[in-house]
Amino acid sequence: ALYEHRERLEEALFMGLRLTQGIDLDAMRREHGVDVFGQYGSELSRFVDLGLLVHEPGRRLALSREGMLVANEIMMVFIGGTVR
C-alpha cells in the first residue's frame, strides 16, 4: 500500500509539473497528505534559485520557461535520482 501511495504521489507530481500552472501545493497536501516543498524543498531550492522553478509558497510550484528544458532533471528530485 505504501508503494502504491508513493507511485500515485510521483505520478501526481510529474503530471503537475508538466502543466503550465504547475503543481497545486494545497491540493497535494489535501489529496496526498504531502507538503511538497517541506519534503523536497532542500533539493528543489537550487532550481528555484536558478530561475528554473517558480515557487509560490503554499500555492504552486511550476517550471519556468527555462525550467521546461531541464524538466527531467528537476523531476529526478521526486524519485530520488533513480530512473525507471
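Our subject is the structure listed above.
Definitions and cut-offs
- Residues numbered from 1 in each chain as written.
- Predicted model: local features only at pLDDT ≥ 70, side-chain atom pairs only at ≥ 80, totals over all residues.
- Heavy atoms only, no water.
- Salt bridge = Lys/Arg side-chain N within 4 Å of Asp/Glu carboxyl O.
- Helix = DSSP H or I, 4+ residues; strand = E, 2+ residues; numbered from the N terminus.
- Buried < 20%, exposed > 50% of the residue type's maximum accessible area, 1.4 Å probe, protein only.
- Pairing = 2+ DSSP bridges.

A. Structural context of the pattern of salt bridges. Counted according to the given criterion, the structure contains seven salt bridges. Across the pair glutamate 4 and arginine 8 runs a salt bridge, and its minimum N-O distance is 4.0 Å. With a gap of four residues between them, glutamate 4 and arginine 8 both fall in helix α1 (residues 2-18), about one helical turn apart. The class of arginine 8 is partly exposed, set by a relative accessible area of 47%. Note that aspartate 35 is salt-bridged to arginine 29, the shortest N-O span being 3.8 Å. Accessibility expressed as a relative area gives 39% for aspartate 35, which makes it partly exposed. When salt bridges with common partners are traced through the structure, they connect Asp26, Arg29, Arg30 and Asp35 into a single cluster.

B. Representation of the pairing of strand β3 (residues 60-63). Judged from the two bridges that link them, strand β1 (residues 23-24) and β3 form a sheet pairing that is antiparallel. Looking at the pairing, isoleucine 23 lines up with leucine 61 of β3. Linking strand β2 (residues 53-56) to β3, which pair antiparallel, is a turn of three residues; within it glycine 58 sits at a positive phi near 75 degrees.

C. Structural context of the sheet that holds β2. With antiparallel pairing, the three strands of this open sheet are ordered in space as β1-β3-β2. Taken across any chain shown, the strands that pair with only one partner, and hence form the sheet edges, are β1 and β2. Bridge count between β2 and β3: four bridges; the pairing is antiparallel. By the bridge assignment for β3, valine 54 is matched with alanine 62.

Note that every value here comes from positions in space, so none of it alone points to a role or purpose.
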